[in-house]
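Fold and contact review
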Amino acid sequence: MSSFKNAAQAQRRTHRERSQPANRRKFGLLEKHKDYVVRAHNFNKKKKILRQLRGVAEGKNPDEFYRGMIKSKMVGGKHQLHTDNTLSHATVQLLKSQDANYLRLKLQAERSKVSKMESVLHGTRDERKSTHTFFRDSDSEEVELEGVEALPPAPPLDDRTKKTLARQKKAQYRTLMSRKERVKALQVAASKLQVYKNIASAKGRVYKEVNEDSGVTHYRWRKQRSK
């Protein structure tokens, strides 16, 4: 039965869509029914939305007022809310103090990491010698070292292991140098924030002096009597 069905399908004529006539090629491809269905659905959807919005606009009270209208304006036919992003002086000082505390915390963490890496990498460039420690039960006991056999030497490392260890050591030293540079950058940032904090809390005029040779900036202001 399936063979007859396949034979019938093979004899069917191939359905071909009608193409755009030659005199209308400038308008693009010929629209099919499925394309019209999509376009009609989109058009009716927009038409429904416009009808709903028209009803909302007709039923709106002209004397209606919201506080949001004070900070909104029309830009290109659309309402945009105007927000005031300016911060008060107290808020700015609080944010700067939080930034300074964060920098001090990160600086302390980086210093601890640097000291830990230095303690681990200290003396790794020199070859360590194997040692053996003997313990006595009491001070009067004497340990005879003549009959003690010497410790067997450590097995030599092959070239591949030596290269791997050297590569790992170089990577650790590069990490250590990058952490030291990060510590310096954090110190500079923390000192700048402290200077800005002192300038903001200073009363009176602040004088700025720039050293032409080194390019370092110094600030001077009148000293205040502390209570």
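This text goes with the structure placed above it.
What comes next concerns the included structure. Residue positions are given per chain, counting from 1 as you read along its sequence in written order. Whole-chain, interface and lining totals are the exception, using all residues; otherwise, since this is a predicted model, local features are given only for residues with pLDDT of at least 70 and side-chain atom pairs are given and counted only at 80 or more. The basis for every side-chain value is the complete set of heavy atoms in the structure, and neither hydrogens nor water enter the calculation.

Turning our attention to the overall build of the chain. Note on conventions: DSSP H or I runs of at least 4 residues are helices, E runs of at least 2 residues are strands, and numbering of each starts at the N terminus. Counting its regular elements, the chain contains four helices and four strands. Traced from its N-terminal end to its C-terminal end, the chain shows the element sequence α-α-β-β-α-α-β-β. Relative accessibility under 20% of the residue-type maximum defines a buried residue, over 50% an exposed one, and the middle range a partly exposed one, all with a 1.4 Å probe and only protein chains included. Buried residues in the chain amount to 7% of all 227 residues. Areas reported as accessible are Shrake-Rupley estimates using a 1.4 Å probe. Residue values count occlusion only from the protein chains shown. Counting only carbon and sulfur atoms, one obtains 53% of the accessible surface of the chain, whose full area is about 22,200 Å².

Patch membership needs two things, relative accessible area over 30% and no salt bridge, and members are linked within 9 Å if like-charged or within 5 Å if nonpolar (Val, Leu, Ile, Met, Phe, Trp, Tyr). In the sections that follow, a salt bridge refers to a side-chain nitrogen of Lys or Arg positioned within 4 Å of a carboxyl oxygen of Asp or Glu. The convention is simple: Lys and Arg are positive, Asp and Glu are negative, and His and the chain ends are not counted. Throughout, a charge is located at the NZ atom of Lys, the CZ atom of Arg, the CG atom of Asp or the CD atom of Glu. Where like charges cluster on the molecular surface, the positive patch consists of Lys47, Lys48, Arg51 and Arg54. Tracing the backbone through its elements, the reader meets Lys48 in helix α2 (residues 33-58). On the accessibility criterion, Lys48 (46% relative accessible area) is partly exposed.

With that settled, the discussion passes to a nonpolar patch on the surface. A cluster of nonpolar side chains, Phe65, Tyr66, Met69 and Ile70, forms an exposed patch at the surface whose accessible area comes to about 450 Å². Within the element layout of this structure, Phe65 appears in the loop between α2 and β1 (72-75).

Here the focus is helix α4 (residues 159-201). Here the expected span of a helix is defined as 1.5 Å times the quantity of residues minus one. Across its 43 residues, α4 extends 63 Å between first and last C-alpha, which sits within 8% of the 63 Å expected from 1.5 Å per residue. Looking at α4, one finds that the buried residues are Leu176, Arg179, Val183, Leu186, Ala190 and Leu193.

Further remarks concern the pattern of salt bridges. Applying the stated criterion across every chain yields a total of four salt bridges. Measuring nitrogen to oxygen at the nearest pair gives 3.2 Å for the salt bridge that ties Glu110 to Arg179. Separated by 69 residues along the polypeptide, Glu110 in helix α3 (residues 89-121) and Arg179 in helix α4 bring together distant segments of the chain. Since its relative accessible area comes to 4%, Glu110 is described here as buried. Its relative accessible area of 18% is what places Arg179 among the buried residues.

Only strands joined by at least two bridges in the DSSP assignment are considered to pair. Bridge analysis of β1 against strand β2 (residues 78-81) gives four bridges, and the strand direction is antiparallel. Looking across to β2, one finds that Ser72 is bridged to Leu81. Linking β1 to β2, which pair antiparallel, is a turn of two residues; within it Gly76 sits at a positive phi near 65 degrees.

Ala100, Leu103, Leu107, Val114, Met117, Leu121, Leu176, Val183, Leu186, Ala190 and Leu193 together form the largest nonpolar core, which totals 11 residues. Counting residues per element, the ones that place at least two in this core are α3 and α4. Take this core: its biggest share by element is six residues, from α3. When residues no more than four places from it in sequence are discounted, the contact partners of Leu176 are Val114, Met117, Glu118 and Leu121. Only buried residues count toward a nonpolar core. Its members are Ala, Val, Leu, Ile, Met, Phe, Trp, Tyr and Cys residues joined through side-chain atoms within 4.5 Å. Whether two residues are in contact is decided by their heavy atoms: any pair within 4.5 Å suffices.

Right, let's get into the side chain of Gln20. Residue position: Gln20 is located in the loop between α1 (2-11) and α2. Gln20 gets classed as buried once you look at its relative accessible area, which sits at 8%. Any pair of N or O atoms that falls within 3.5 Å is considered a polar contact. Within protein, one atom must be able to donate a hydrogen and the other to accept it, and sequence-neighbouring residues count only if both atoms are side-chain atoms. Of the polar contacts made by the side chain of Gln20, one reaches the backbone oxygen of Gly28; its length is 3.0 Å.

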